[in-house]
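Okay, here's what each chain looks like letter by letter:
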Amino acid sequence: MTEPQITIVGGGVAGLCLAAELAERGVSLRIFDRYGRPAEHGCSWWAGGMLAPFCESEAAEEPVVRLGQEAAGWWQRHNVNVQRNGSLVLALSRDGGELDRFARRTDQHEWVDADDVAALEADLAGRARRGLFFPTEAHLSPRDALACLVGELESRNITIETADGLDFPDNDNQAALPTEVRKIDCRGLSASDAMHDLRGVKGEMLVIRSADIRLSRPVRLLHPRIPIYLVPRGDGVFMLGATQIESGNRHAASVRSVLELLSAAYALHPAFGEAEILEIGVDARPAFPDNLPRIRRRGDRLYVNGLFRHGFLLAPAMARMAADYLLSGQIPEVMDENLN
């Protein structure tokens, strides 16, 4: 009988984090993705990369905040460059009420005045009278992080095979893990064929470059209709996002959304009006009705899904819980027991 082997289907952040966690624990793996190695597709490719659990508490439930606090350390243990410079939340004068509301709904922040903002981000001097600074938060480059995980897996002779993988027959002589799970579905919204309560939440974002602005941390600009974030990628490149639209449309950014994102960036600093647009991206995030992630068991398959807008923030904790379940039977707190 051969050693136990798990097949993971889906090479986005959920699948790769789980693969890295299991490989580290000595599990034999095969990974399938319809596109092969991470490329210019999927929510993971277009993610902001903010490891900001306390900022997310403005709209997210308690598990997101608590589980998300594992993320920065997990990514660093896997040799990903994590920038621990905190998060800065600002609002234009006319939207000061939005900043007050954000402060009431979050914690682990410090109020900062105009001088503090200038000390944190010199290029934003004079752009905001006050703001909120979250000193313990962090960010990473999602594309670099994915490449880092792929490299780690390849160093263990685990490659991503270009195929769907769900219907591949199991080896009859293959030994099973204690839970008898053989396949793990991490396909994101594509798994809605098996999970009918999974919905898409459309996000549109842009990659821009400005030689005139430098930021050292993510900056969120609050607005009653379209709040934005700007995440520095280095060399004057920023990820600018993101809309949140109830739609499974994964292919078309609207003119209105792009205009609103760019207008908000211009309002933060007029120098962004001269920025170069490098990429316009769109995809649909997988989400359950309550926007919380799930681990589900059906026969010999495990489903890890519903990371919504928190992929890089929650994938490490989901990987840990799924691995604990597979290897020791420990029930994850996010297990949906009604659909085993």
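In the block above lies the structure referred to throughout.
These numbers were taken from a predicted model, which means no experiment stands behind them.

Draft legend 1. Region of interest: the pairing of strand β13 (residues 237-241). In terms of burial, β13 is largely enclosed, as five of its five residues are buried. Residues Val 237, Met 239 and Gly 241 line one face of β13 and the alternating positions Phe 238 and Leu 240 line the opposite face, and both faces are buried. Between the end of strand β12 (residues 228-234) and the start of β13, which pair antiparallel, lie two residues, with Asp 235 showing a positive phi angle near 55°.

Draft legend 2. Main features of unusual backbone geometry. With an omega of -10°, the peptide bond between Gly 241 and Ala 242 qualifies as cis. Residue position: Ala 242 is located in the loop between β13 and β14 (245-246). Phi angles above zero are rare outside glycine, and Asn 157 is one such case at about 65°. Accessibility expressed as a relative area gives 73% for Asn 157, which makes it exposed. At Asp 235, a position not held by glycine, the phi torsion is positive, near 55°. Relative to the helices and strands, Asp 235 resides in the loop between β12 and β13.

Draft legend 3. Molecular detail of the packing of helix α1 (residues 13-24) against helix α10 (residues 311-328). Packing of α1 against α10 brings their axes to within 8 Å, and their N-to-C directions diverge by 45°. Taken as axis vectors, α1 and α10 run oblique relative to one another. Two packed elements cross with a definite hand, and for α1 against α10 that hand is right-handed. Two secondary-structure elements touch here, α1 through Val 13, Ala 14, Cys 17, Leu 18, Glu 21 and Leu 22 and α10 through Gly 311, Phe 312, Ala 315, Pro 316, Ala 319, Arg 320, Ala 322, Ala 323 and Leu 326. Along the lines of polarity and charge, the residues of the contact of α1 with α10 split into 12 nonpolar, one polar and two charged.

Draft legend 4. Molecular detail of the sheet that holds strand β17 (residues 301-305). Spatial ordering of the open sheet is given by β8-β2-β1-β9-β17-β16, a layout of six strands whose pairing is mixed. Two strands close off the open sheet at either side, each with one partner strand: β8 (160-162) and β16 (294-298). Here the strands of the sheet are splayed against their neighbours by 25° on average, with no regard to which way each runs. Here strand β2 (residues 28-33) pairs with β8 via three bridges, running parallel. Bridged to Asp 33 within β8 is Thr 162. On top of the sheet, α10 reaches β9 (183-185), β16 and β17; it is set at about 165° to β17, its chief contact.

Draft legend 5. Fine view of the pattern of salt bridges. Counted by the stated rule, this structure contains 24 salt bridges. The partner of Glu 58 in a salt bridge is Arg 101, with the nearest N and O atoms 2.6 Å apart. With a gap of 43 residues between them, Glu 58 in the loop between α3 (53-56) and α4 (62-68) and Arg 101 in helix α6 (residues 96-104) connect regions that are remote in the sequence. The class of Glu 58 is buried, set by a relative accessible area of 16%. A salt bridge links Arg 187 to Asp 185, with the nearest nitrogen and oxygen atoms 2.9 Å apart. The same class applies to Arg 187 and to Asp 185, which are both buried. Within this structure, Asp 197, Asp 290, Arg 294, Arg 296 and Asp 336 form a network of salt bridges that share partners.

About the criteria used
Residues numbered from 1 in each chain as written. Predicted model: local features only at pLDDT ≥ 70, side-chain atom pairs only at ≥ 80, totals over all residues. Heavy atoms only, no water. Buried < 20%, exposed > 50% of the residue type's maximum accessible area, 1.4 Å probe, protein only. Helix = DSSP H or I, 4+ residues; strand = E, 2+ residues; numbered from the N terminus. Pairing = 2+ DSSP bridges. Axes fitted to C-alpha atoms, helices over the stretch in contact; angles between N-to-C directions. Parallel < 35°, antiparallel > 145°, perpendicular 65-115°, else oblique. Left-handed = near helix turned anticlockwise from the far one by under 90°. Contact = heavy atoms within 4.5 Å. Nonpolar A, V, L, I, M, F, W, Y, C, P; charged D, E, K, R; others polar. Salt bridge = Lys/Arg side-chain N within 4 Å of Asp/Glu carboxyl O.

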